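Listed below are the residues making up each chain.
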Amino acid sequence: MNIVIFGPPGAGKGTQADYLVNEFNLFKVSTGDLLRDETELKSDLGKKIKIIIDKGHLVSDDIINNLIKKVISNNLYSNKLIFDGYPRNLNQTKNLDSLLNHYDQKISSVLSLNVDYEVVLKRILGRQICSKCGLIFNDFFNPSTRENHKCEIKFLKKRSDDNEIIIKKRFETYTKETQPILDYYKSQNLLKNIDGMKKIDEINKEIRQIIHSLNAWL
């Protein structure tokens, strides 16, 4: 069983992906993690990636696709993958199909968490992370209180890129780049749209029901 999960920034796809990893013994494929891991290995490719990132440039599809190939070709992860943040364009989408087919695998389902921009804005702008204990809170949905947080208020921090201009740009970019991919998977009857504005446990329940219904899982 291989799953692809989509969602705009703030949709909670990372949270849901982590749940699925634990519950169904899957391996999460995150391009960000793959890039970081390769640079830490200090391989020739890792050194090349570091130079590109340090210059503020985007890593090419060829490099990303090669990293994805390393994972898919590993028998330990065969038909046990959940892709989070990949594919990002149609070129990567078709490459993923080609790689999976080459290694006798397939995509079982594509999950798309749909969230309104206003909700994304509140989720991200309201986000606070405690630099001392690591807990995450939200001014709008889950504020820090004396009951749920023992650290001092001064430890609550916001990420520098959590501002409305960047959020709007990221949301618009996601919508523009992802729609053709979703249309592609919809044409293959793989796409499942999920209301990402529900509570986390409600979303997780819906996703679990989808996965249990897959022939690949039965």
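Anything mentioned here points back to the structure above.
1. Digging into the environment of Asn 138
Examined against the element boundaries, Asn 138 turns out to sit in strand S6 (residues 136-138). The buried category is assigned to Asn 138, whose relative accessible area is 7%. Sequence spacing of Asn 138 and Ile 166 is 28 residues, and the spatial spacing of their C-alpha atoms is 18 Å. Those residues within four positions of Asn 138 in sequence are excluded, and the remaining contacts are Lys 122, Arg 123, Gly 126, Arg 127 and Pro 143.

2. Considering the nonpolar core
Counting 28 residues, the largest nonpolar core has Ile 68, Phe 83, Leu 96 and Tyr 185 as its most contacted members. At the level of elements, strand S1 (3-6), helix H2 (31-41), helix H3 (44-54), helix H4 (61-72), strand S3 (81-84), helix H5 (90-102) and helix H7 (164-186) are the ones that each hand at least two residues to this core. Among all residues touching Tyr 185, those that are not within four sequence positions of it are Val 4, Phe 6, Pro 87, Thr 93, Leu 96, Ile 107, Val 110, Leu 190 and Leu 191. Within the second largest apolar cluster, 26 residues are counted, among which are Ile 82, Ile 194, Ile 203 and Ile 207.

3. Examining helix H8 (residues 200-212)
Helix length check: H8 (13 residues) gives 18 Å between terminal C-alpha atoms against 18 Å at 1.5 Å per residue, within 8%. The set of residues buried in H8 consists of Ile 203, Asn 204, Glu 206, Ile 207, Ile 210 and Ile 211. Projected down its long axis, H8 shows its buried positions confined to an angular sector of 160 degrees, all on one face. Close packing links the buried residues of H8 with S1, helix H1 (13-24), strand S4 (109-114) and strand S8 (191-195).

4. Side note on the packing of aromatic side chains
Overall, the coordinates contain 6 aromatic pairs when judged by the stated rule. Both rings, one in Phe 6 and one in Tyr 185, keep their centres 6.4 Å apart while their planes meet at 45 degrees; by these two values the pair is tilted. Within this pair, whereas Phe 6 is found in strand S1, its partner Tyr 185 is found in helix H7, the two being separated by 179 residues in sequence. Looking at Phe 6, the relative accessible area reads 5%, which means it is buried. Residue classification places Tyr 185 among the buried positions, given a relative accessible area of 0%. Residues Tyr 184 and Tyr 185 carry aromatic rings whose centres are separated by 5.5 Å and whose planes lie at 75 degrees to one another, so their mutual orientation is edge-to-face. Classification of Tyr 184 by relative accessible area gives partly exposed; the value is 21%. One aromatic cluster is present, built from ring pairs that chain together Phe 6, Tyr 184 and Tyr 185.

5. Some words on the pattern of salt bridges
The full count for this structure, using the stated rule, is 7 salt bridges. Taking the shortest distance from any N to any O, the salt bridge between Asp 33 and Arg 36 comes out at 2.6 Å. Highlighted residues: Asp 33 and Arg 36, both in helix H2, separated by 3 residues, approximately one helical turn. On the basis of relative accessible area, Arg 36 is assigned to the partly exposed category, the value being 47%. Residue Asp 54 pairs with Lys 50 through a salt bridge whose shortest N-O separation is 2.8 Å. Placement of both Asp 54 and Lys 50 in helix H3 is noted, with a separation of 4 residues, approximately one turn of the helix.

What counts, and where the lines are drawn
- Residues numbered from 1 in each chain as written.
- Predicted model: local features only at pLDDT ≥ 70, side-chain atom pairs only at ≥ 80, totals over all residues.
- Heavy atoms only, no water.
- Helix = DSSP H or I, 4+ residues; strand = E, 2+ residues; numbered from the N terminus.
- Buried < 20%, exposed > 50% of the residue type's maximum accessible area, 1.4 Å probe, protein only.
- Contact = heavy atoms within 4.5 Å.
- Core = buried A, V, L, I, M, F, W, Y, C linked by side-chain atoms within 4.5 Å.
- Expected span 1.5 Å × (residues − 1).
- Arc of directions from axis to C-beta.
- Phe/Tyr/Trp six-rings, centres within 6.5 Å; stacked < 30°, edge-to-face > 60°.
- Salt bridge = Lys/Arg side-chain N within 4 Å of Asp/Glu carboxyl O.

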